[in-house]
Every structure is written in C-alpha cells, then in structure tokens.
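# Per-entry structural report
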Amino acid sequence: MADNLPSEFDVIVIGTGLPESIIAAACSRSGQRVLHVDSRSYYGGNWASFSFSGLLSWLKEHQENSDIVNECPAWQEKIHENEEAIALSRTDKTIQHVEVFCYACQDLHEDVEEAGALQKNHASVTSVNCTEAADSACLPVEDESLRTTSCEIPAEQTPSSDPERALEVNDVQVTGEKENCCDDNTCVPSTAEKETSENVPVAEDTAEQPKKNRITYSQIIKEGRRFNIDLVSKLLYSRGLLIDLLIKSNVSRYAEFKNITRILAFREGRVKQVPCSRADVFNSKQLTMVEKRMLMKFLTFCMEYEEHPDEYKAYEEITFSEYLKTQKLTPNLQYFVLHSMAMTSETGSSTIDGLKATKNFLHSLGRYGNTPFLFPLYGQGELPQCFCRMCAVFGGIYCLRHSVQCLVVDKESGKCKAIIDQYGQRIISKHFLVEDSYLSENTCAHVQYRQISRAILITDRSVLKTDSDQQISILTVPAEEPGTFAVRVIELCSSTMTCMKGSYLVHLTCTSSKTAREDLEPVVQKLFTPYTETEIENEEIEKPRLLWGLYFNMRDSSDVNRNTYNDLPSNVYVCSGPDCALGNDNAVKQAEALFQQICPNEDFCPPPPNPEDIILDGDSLQPEASESSALPEASSETPKESSNLRNPEEPSK
C-alpha cells in the first residue's frame, strides 16, 4: 500500500513525534484527510522508547550516520517548469556526542539473546552476537545488523474502549461504579505481550529474582525486552495541559499511568526526601515544628499569590532565590522550595516565575496521588502512539519507513502544493507539517539551536533506599559552577515497565553547556559508583552501582522562530522536537496553535461521539445496532492490577 497511496489529502504530516501526532489526531478528528509518514521504522522520533536491543540498534544507526532510506532516483525530473523543490534532509543530525559505557560483568556467551519472540513495535532484533558486544566499553558491535520492523496502526484494528473512562493510574484507589476495562491492546498501544504486565513486582515475588549485586550484561541482554528506554525524559503534571488533553479527547483509554512516589533533594552530599503534601510536611522528621509552620504558611501564600500582589510586587526584579531569603524561611526550606518544588536554580528564574512554578506544583498535588506527577507505563514513547491511534480511528493513513524527498512549491502562488515520496509518487495536499529534523541544512542555515544533555543509566538499586524497592523518584541536583545548569534526575523502577526486576532505569537531563558526558558525569559520580568485581561482596556500599550508561546530546528546537527558516511557504508548518522542560506543555501548546491555523473554526481534539447518539444514513437505528456499527465493543477483561480513574472533577456515572 505504501507505494500506491491516494494522490490527494488535506493534511500531510512528516514525523511522528508528540506535537505532530497530536496535530494529526486533531485534524483527523475534525474530518480532515490525513497522511502521516515517517522515514524511521518506529513511532515517536526523538520522543520514542526502545527495548534495550532496540536502543542498541538506534545507536548503531546514529553511529553509522547513514541514510535512513535510499533516495528515489531522479526525483528532480518530476518537478515541472512552474514549480520549485525544497529538498528534505536524508539524515537525522539531532543526536551528537554519543558515548556508551558498560560496567556490569560481561560474562557473555554466543547463545545469549533477548528473551521473548515479540518486541515492542519499535524494534525487533533478529540476531545479536553478544560476545563481540562485550569486547568494547563503548558502542557494542553486532555480527549481523540490527534490523527494525514497524507495526502500523490501521483504523480497523484499533480497538475502542468505554468512552466514560478518562485515565488509568496504577496504585490509586477510586470509589465509584465499576466500568468495563479495556484489553491489552486498548490500554497500551504497543504489541507487548501479556507476560510483560506480569513483571510488576510484589513483595513476595523474590524467589526467582537474581541477586541485585550479581546483575550481568548477559542478563540485561536476555531481559532486554523488559526495558522501555525513553530518548527524552519527562513527566506529566497531574493538572498539566497534556493530562487535560488526554482526558478531553479520551485518548487516555490507550495508556496507563503510574504515580511518581517521591520528590528528592540532594543537599550536603546526601539524598533526602522532600515533604510536599500537608501530610508529608507534618509527618516529616527532617523539619522542626517551627519549620513546618513556616513552610505551610508560605505554600498557602503561593497558591493564592496572585490575590496578594502587594506581598511580592517589590521583589519582581530579583531572582526567586533572593525572594525566598526575605520570607523568613530557613535555609533548609529555601532549598526544598527552590530546587524540589519550583525546580529552578539560584539564577534561573525571577520571583514571578518561581511563584508560578511553585503554584503549578502545588496545584497538581493530590489529583491522582501524593505527588504532582504521573509517568506513562512502558515509557514516554507510548504517548505519540496514543494520538496516532486516535488519528487512525478517524481515518488517518500511516506509513513508516516512508521518506519524503521534497516539498513541491508553486512558483506563482508561493505555496506548497505536493510532496514527492521515495517511490516518486506525487501526493497533493493543502497543508504540510514537517518535524524540524527533516529540514535540510539549506533551510536551517540561519537557525541557532540549543542542545539538551542526556544520560541513561541502568543501576542495581535506588539512590535513596527504603523498605519498598518500587519507588519512582525525581531529584534535582543544583548547578555548582557558573555557566552550568541544574541536572534533573528521574529514577524508574521495574513496576513502570521500563526495566528488568532488580534494576533501576535512571534518566539525567540538563540544558547543554558542553558535551553530555562533560555536563552530567560529575552528577553521576556524586550519586553512583561504577560496578567492580572487587566490591561485589561489600554490602555496605552507600551508592547504587552503575551497570550500563549512555550519554548523548539532543537538539532542542523548541524556541526557534519560524522566520529563521529559509524560504518556507506559508502552508508549511514546522514542529519542534523535545525541549528540556520537565512537562509536555510546549508540545501541546504548539500542536493547538498550529491546528488553529489549519482549522481555525474547529474544536481542538473534542471528545469522541457517544455511540448511542450515532445515526447511520439518517435511519432510526436501535442503539444496539448503532453502537456495534460505529465502534467495536470494549472488552470486559480485567487488566493487570490497575485502577480505573476518571477526571476527579467529574461525577461517576
């Protein structure tokens, strides 16, 4: 089908990152004919998640820096005299300075391969020579190339779910009427097998778990499909724009979420837990009674600061850090508020920005749990796929491994009129959305990009050990030197379906000032220690041991002004890649703004229609017939250990 697509669409979207996927879903929902293509073999672009072997495949692709697909021969001949072409880039240059390190014991054998026959839809590894992979401390090299396969989402295969359902969050008790639960394919847009869901550790399930001090590289390879490793590390604010959009559009039925269990702080060389809710504050043993009263009084003010301008107007010109020093807060409390609630640095934000960030943090508390944040099970890469499903349900057409050679521009009108794909097919459209990484060097010649420094680590235990080994934590490590930036650390346990039992997946992120390794290695050294054989028997080691690590820099195109691109037609819109912020608000704002330019009078991702209200061909059909014709019946099978959660503001039906 990919080499014989329809010749005309209303909207063509190039790239499957989160903003592009949201726009594609919104356009398809509003009745536009949407073609969504990506030259990669997986959904998400730089928003994607990979199994461990899929990540090695991705690394190899970037190391070779080869073309993602072959170029169509002589596509220039298909450009007419009254047209001109804007060539698109054949290579992805958004990832730089990739460095890989393996610290775990490398007792590999020729027959070690990833457990399970079926991968997530991003990458399916057919053969890996693990012995050669162990020979280098840097990028593993395989005997055979790692081949990836795509799993497209045709509309007729996308199951529907109970439209009343809003959001699934694990480990949250909800009162109200029980609803029919979705099946595995509805809850999670990947093709992961059910056995993956059984990976949620429980207190008694330790008999077959390997000793934490004995995790080897061969075990990581063998359990590679238990990993879902995000290229970009983010969380969802419980009252953020993305959660609201997921609930409003009912796209949340395709995903499940888990609460972040604790907020941490790094002070005086030690990791400490930060009390954030009222209960946490009064139960905290770190704070004196006087400090508890100080903190509660200040947090109450932050929630209502806009109503009391006289109390902060005089401090608008100073930093939030300096403002906190005027508020009769102890140094301990100032540190907690600045780095763990506002999540900024001493010089990083003004008083207004700091108060706004603190209010946003507090406003999200208690909606779905004891912290303001949620994390999608199976990783951030599930979110673009959720919106791709919505687009497919309403008729969008998807093609992975399908590159676009150029945009065809009409010289007379100055507008883009078509694309030419890798097969030489000309496809006409009214509107074109292109992810920034697909634009050529000529188009981006005057663009100045920022960079994001990223590190991905696999460790043997948590940075702050507690009775439970299933903690999901966020930690901010302040910058120590001028010109550097605070580092955000997100630590994920196996119950998030992102790593194997007995291990933790740790993401480090900051705005780049140097290479990723130079920016992040000092923080890694403070929090972790490399795995060494001589220390295996030493149970008194305070820091978690590093088993495997990856550093890379990622392009941040979120603040690029459209006018800096060269000669883009007015009906070609550019979507940025991931930014360095913790949340996803920038992606949602960008998607809604571009959608309003394409469909100015349409609602942005409205709820799907109620099947009982659908009437086919104007006939008065019985509700049962109408429902079965419009949407497939949701499965009543109970999903794995998850609680159904609506918008808390909505009453149960």
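Thresholds applied
- Residues numbered from 1 in each chain as written.
- Predicted model: local features only at pLDDT ≥ 70, side-chain atom pairs only at ≥ 80, totals over all residues.
- Heavy atoms only, no water.
- UniProt positions renumbered as here; feature names shortened; annotations may be inferred.
- Helix = DSSP H or I, 4+ residues; strand = E, 2+ residues; numbered from the N terminus.
- Contact = heavy atoms within 4.5 Å.
- Areas by Shrake-Rupley, 256 points an atom, 1.4 Å probe, with all protein chains shown as cover.
- Buried < 20%, exposed > 50% of the residue type's maximum accessible area, 1.4 Å probe, protein only.
- Polar contact = N/O pair within 3.5 Å; in protein donor to acceptor, adjacent residues only side chain to side chain.
- Expected span 1.5 Å × (residues − 1).
- Arc of directions from axis to C-beta.
- Pairing = 2+ DSSP bridges.
- Axes fitted to C-alpha atoms, helices over the stretch in contact; angles between N-to-C directions.
- Parallel < 35°, antiparallel > 145°, perpendicular 65-115°, else oblique.
- Left-handed = near helix turned anticlockwise from the far one by under 90°.
- Nonpolar A, V, L, I, M, F, W, Y, C, P; charged D, E, K, R; others polar.
- Salt bridge = Lys/Arg side-chain N within 4 Å of Asp/Glu carboxyl O.
- pLDDT = per-residue confidence, 0-100.

- If you check an unreviewed UniProt entry, the protein appears there as Rab proteins geranylgeranyltransferase component A from Bos taurus.
- Note on the protein: under the UniProt heading Sequence similarities (unreviewed entry), the record states "Belongs to the Rab GDI family."
- The UniProt entry for the protein carries the following comment under Subcellular location (unreviewed entry): "Cytoplasm, Cytosol".

### Side note on the overall build of the protein
- Each helix and strand counted, the protein has 16 helices and 25 strands in total.
- By sequence separation, contacts in the protein at least 24 residues apart represent 77% of the contacts at least 6 residues apart.
- Summing over all exposed atoms, the protein offers an accessible surface of approximately 27600 Å²; the carbon and sulfur share of this is 46%.

### Here's the deal with the side chain of Glu-491
- As for its placement among the helices and strands, Glu-491 is situated in strand 20 (residues 487-492).
- On the accessibility criterion, Glu-491 (2% relative accessible area) is buried.
- A polar contact of 2.9 Å, which involves the side chain of Glu-491, links it to the backbone nitrogen of Val-463.
- If sequence neighbours within four positions are ignored, Glu-491 has contacts with Arg-262, Arg-461, Ser-462, Val-463, Gln-471, Ile-472, Ser-473, Tyr-504, Leu-505 and Val-506.

### Quick word on helix 15 (residues 585-598)
- Here helix 15 spans 20 Å end to end across 14 residues, near enough to the 20 Å set by a 1.5 Å rise per residue.
- Along helix 15, the positions that sit buried rather than exposed are Ala-587, Val-588, Gln-590, Ala-591, Leu-594, Phe-595 and Ile-598. With its buried residues spanning 165 degrees around the axis, helix 15 presents them on a single face.
- Against the buried residues of helix 15 lie strand 1 (11-14), helix 1 (18-29), helix 7 (241-249), strand 17 (431-435) and strand 24 (572-575).

### Here we look at the sheet that holds strand 2 (residues 34-38)
- The five strands lie next to each other as 13-2-1-17-24, forming an open sheet whose pairing is parallel. Among the strands making up the open sheet, the edge pair consists of strand 13 (397-400) and strand 24. Geometrically, the sheet is characterised by an average inter-axis angle of 15 degrees between neighbouring strands, direction not taken into account.
- The sheet contact formed by strand 1 and strand 17 spans four bridges and is parallel. Counted as the bridge partner of Ile-12 is Phe-432 from strand 17.
- Contacting strand 1, strand 2, strand 13, strand 17 and strand 24, helix 1 runs over the sheet at an angle of about 160 degrees to strand 2.
- Against the sheet, helix 15 makes contact with strand 1, strand 17 and strand 24, and its axis sits at roughly 170 degrees relative to strand 24, the strand it touches most.

### Focus: the sheet that holds strand 4 (residues 83-87)
- The strand order 4-14-15-16 describes an open sheet built from four strands, whose pairing is antiparallel. Both outer strands of the open sheet, strand 4 and strand 16 (426-428), are each paired with one neighbouring strand and no more. Strand-to-strand twist in this sheet, taken as the mean axis angle between neighbours without regard to direction, amounts to 30 degrees.
- By the bridge criterion, five bridges tie strand 14 (residues 404-410) to strand 15 (residues 416-421) in an arrangement that is antiparallel. Counterpart to Val-409 in the pairing with strand 15 is Cys-416.

### Here's the deal with helix 9 (residues 289-303)
- Between its first and last C-alpha, helix 9 extends 21 Å over 15 residues, near the 21 Å set by a 1.5 Å rise per residue.
- For helix 9, every residue scored as buried is listed here: Glu-291, Lys-292, Leu-295, Met-296, Phe-298, Leu-299, Phe-301 and Cys-302.
- Where the residues of helix 9 are buried, they touch helix 8 (278-283), helix 10 (320-325), helix 11 (331-341) and helix 12 (351-364).

### Some points on the packing of helix 9 against helix 11
- Taken N-terminus to C-terminus, the directions of helix 9 and helix 11 make an angle of 40 degrees; their axes are 10 Å apart at the nearest point. As summarised for this structure, helix 9 and helix 11 are arranged oblique, according to the angle between their axes. Handedness of the crossing formed by helix 9 with helix 11: right-handed. Each of Glu-291, Met-294, Leu-295, Phe-298 and Leu-299 in helix 9 lies in contact with helix 11, whose residues at this interface are Asn-332, Leu-333, Val-337 and Met-341.
- Class assignment of the residues belonging to the contact of helix 9 with helix 11 gives a composition of seven nonpolar, one polar and one charged.

### Describing the pairing of strand 23 (residues 545-556)
- Counting buried positions along strand 23 gives 12 out of 12 residues, so the element sits mostly inside the fold.
- Relative to strand 23, strand 5 (residues 95-102) is paired through six bridges, and the arrangement is antiparallel. Following the sheet pairing, Glu-99 is matched in strand 23 by Tyr-551.
- Of the strand pairs in this sheet, strand 18 (residues 450-459) and strand 23 are connected by 10 bridges, and their pairing is antiparallel. Within strand 23, the position partnered with Gln-451 by the bridge is Arg-555.

### Looking at the pattern of salt bridges
- Applying the stated criterion to the full structure yields 21 salt bridges.
- One salt bridge in this structure joins Glu-83 and Arg-426, with 2.9 Å as the shortest N-O distance. With a gap of 343 residues between them, Glu-83 in strand 4 and Arg-426 in strand 16 connect regions that are remote in the sequence.
- We classify Glu-83 as buried; its relative accessible area is 4%.

### With respect to the confidence of the model for the protein
- For the protein, the mean per-residue pLDDT works out to 79, and 74% of the residues sit at or above 70.
- Low pLDDT, under 50, characterises residues 172-212; the predicted model gives this stretch 106 contacts beyond four residues in sequence or across chains.
- For residues 620-645, every residue scores under 50 in pLDDT, and the model assigns this stretch 52 contacts once sequence neighbours within four places are set aside.

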